[in-house]
Amino acid sequence: MATYFHFLKDDAYIEEHLSEEEINAVKKWQNPKVDYEFSFHTQHEAGWPLYIIEPGQRGKRNRPKINLKVPTYEILEGKNLNNVAVGKDAKDVARNNIGVLQQLAEEYYEPKDEEVEEPVQLVAKVAVWKCKSAQCKGRVITQTVDENEAGQLQADNDAYMQTWIKELPKCKRCKKVNWEFTEVRNLGIAEEADLSAGQEVKQI
Ligand SMILES: [Zn+2]
């Protein structure tokens, strides 16, 4: 796959690959009055060739090029250049912008692998419910909750709380659903699978 661009401030490729700072630092853009494009393409020999593509020459073999990896600013295959002004302008562009051009070339020819994201280590959360019945003396149950539910429970929303409590099992001791929310407790590092809400209710 080849990429074609004009080394001009408002070129889409330039805008995409250079930062605003880098664009503002450019002192010599290609001369818009001289009609040609630059190109990188992957079917190439060694080095980081910056191809010079004159009108109608896209996809043609042996295009003139400048090696950006070891810059001598010499135009290789220069005999295939139709317009001398193109060669001169392209050389000027290369000389004046070797840093950003090398950056573009390296990005193109030697792309780095996408960074692999570290798996997020999640902390399992459990909601702790305390039985309010006198004979139970603060007997508790715990229940796995996800981030969202933990937040909801901690938000002190009474309606939400009452609905939740209705879903809880009866206390094994007093046989009532008389739970009171106390806290959400972090259980340390866990697999995400363990965080599915309401997974278990443990009576302690
Ligand atoms: Zn109870």
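Parameters at a glance
- Residues numbered from 1 in each chain as written.
- Predicted model: local features only at pLDDT ≥ 70, side-chain atom pairs only at ≥ 80, totals over all residues.
- Helix = DSSP H or I, 4+ residues; strand = E, 2+ residues; numbered from the N terminus.
- Buried ≥ 20, exposed ≤ 12 C-beta atoms within 10 Å, placed from the backbone.
- Contact = placed C-beta atoms within 7 Å.
- Core = buried A, V, L, I, M, F, W, Y, C linked by C-beta atoms within 7 Å.
- Pairing = 2+ DSSP bridges.
- Axes fitted to C-alpha atoms, helices over the stretch in contact; angles between N-to-C directions.
- Expected span 1.5 Å × (residues − 1).
- Arc of directions from axis to C-beta.

**Some points on the overall build of the protein chain**
- Of the regular secondary structure elements, the protein chain holds 6 helices and 8 strands.
- Moving toward the C terminus, one meets the helices and strands of the protein chain in the order β-α-α-β-β-β-α-α-β-β-α-α-β-β.
- Scored against the burial criterion, the 204 residues of the protein chain give a buried share of 22%.
- Here the contacts in the protein chain between residues at least 6 apart in sequence split such that 59% fall between residues at least 24 apart.

**What about the nonpolar core?**
- The biggest cluster of nonpolar side chains holds 21 residues, and the ones touching the most others in it are Leu50, Ile52, Ala90 and Ala105.
- Taken together, the elements giving at least two residues each to this core come down to β2 (37–41), β3 (49–53), α3 (84–96) and α4 (98–109).
- Counting residues in hydrophobic clusters, the runner-up holds 10 residues, among them Trp129, Ala150, Cys171 and Trp179.

**Thoughts on the sheet that holds strand β4 (residues 65–67)**
- Ordered in space as β1-β2-β3-β4, the 4 strands form an open sheet in which the pairing is antiparallel. The strands lining the two open edges of the sheet, one partner per strand, are β1 (2–5) and β4. Averaged over all adjacent pairs, the angle separating strand axes in this sheet is 25°, with direction ignored.
- Note: β1 against β2, 4 bridges, orientation antiparallel. Its bridge partner being in β2, Tyr4 is matched across the sheet by Ser39.
- Of the strands in this sheet, β3 and β4 are in contact with α3, which crosses β3 at around 150°.
- Contacts from α4 reach β1, β2 and β3 within the one sheet, and its direction differs from that of β2 by about 35°.

**Some words on the pairing of β2**
- Counting buried residues along β2, 4 of its 5 residues qualify, which places the element largely inside the surrounding structure.
- As paired elements, β2 and β3 share 3 bridges and run antiparallel to each other. The residue bridging Glu37 from the neighbouring strand is Ile53, located in β3.

**Some words on unusual backbone geometry**
- For Tyr73, which is not glycine, the phi dihedral falls at a positive 60°.
- Structurally, Tyr73 is set in the loop between β4 and α3.
- The exposure class of Tyr73 is partly exposed, given the 13 C-beta atoms found within 10 Å.

**Some thoughts on the environment of Cys136**
- Summarising the element assignment, Cys136 is placed in the loop between β5 (122–131) and β6 (140–145).
- Note on Cys136: 16 C-beta atoms within 10 Å, which makes it partly exposed.
- Separated by 36 residues in sequence, Cys136 and Lys172 have C-alpha atoms that sit 9.5 Å apart.
- In this view, Cys136 contacts Cys131, Cys171, Arg173 and Cys174; residues no more than four positions away in its chain are not counted.

**A few points about α4**
- For α4, with 12 residues, the first-to-last C-alpha span of 16 Å sits near the 16 Å given by 1.5 Å per residue.
- Along α4, the positions that sit buried rather than exposed are Leu101, Leu104, Ala105 and Tyr108. Buried residues of α4, seen end-on, are gathered within an arc of 95° and therefore sit on one face of the element. Facing away from the buried side of α4 by more than 90 degrees, the exposed set consists of Gly99 and Glu107.
- Looking at the packing, one finds that the buried side of α4 touches β1, α1 (12–17), β2, β3 and α3.

**Observations concerning the pairing of β3**
- Extensive coverage of β3 is indicated by the burial of 5 of its 5 residues.
- Residue alternation in β3 divides its side chains into two sets, Pro49, Tyr51 and Ile53 and Leu50 and Ile52, and both sets are buried.
- The sheet contact formed by β3 and β4 spans 3 bridges and is antiparallel. If you follow Leu50 over to β4, its bridge partner there is Ile66.

**Topic: the environment of Arg185**
- Here Arg185 lies in strand β7 (residues 179–190).
- By the C-beta count within 10 Å, which is 14 here, Arg185 ends up partly exposed.
- Distance in space between the C-alpha atoms of Arg185 and Lys125 is 5.5 Å, their sequence separation being 60 residues.
- For Arg185, the contacting residues outside a window of four places in its chain are Lys125, Val126 and Val128.

From the geometry alone we can't say anything about function, so treat these as descriptive.
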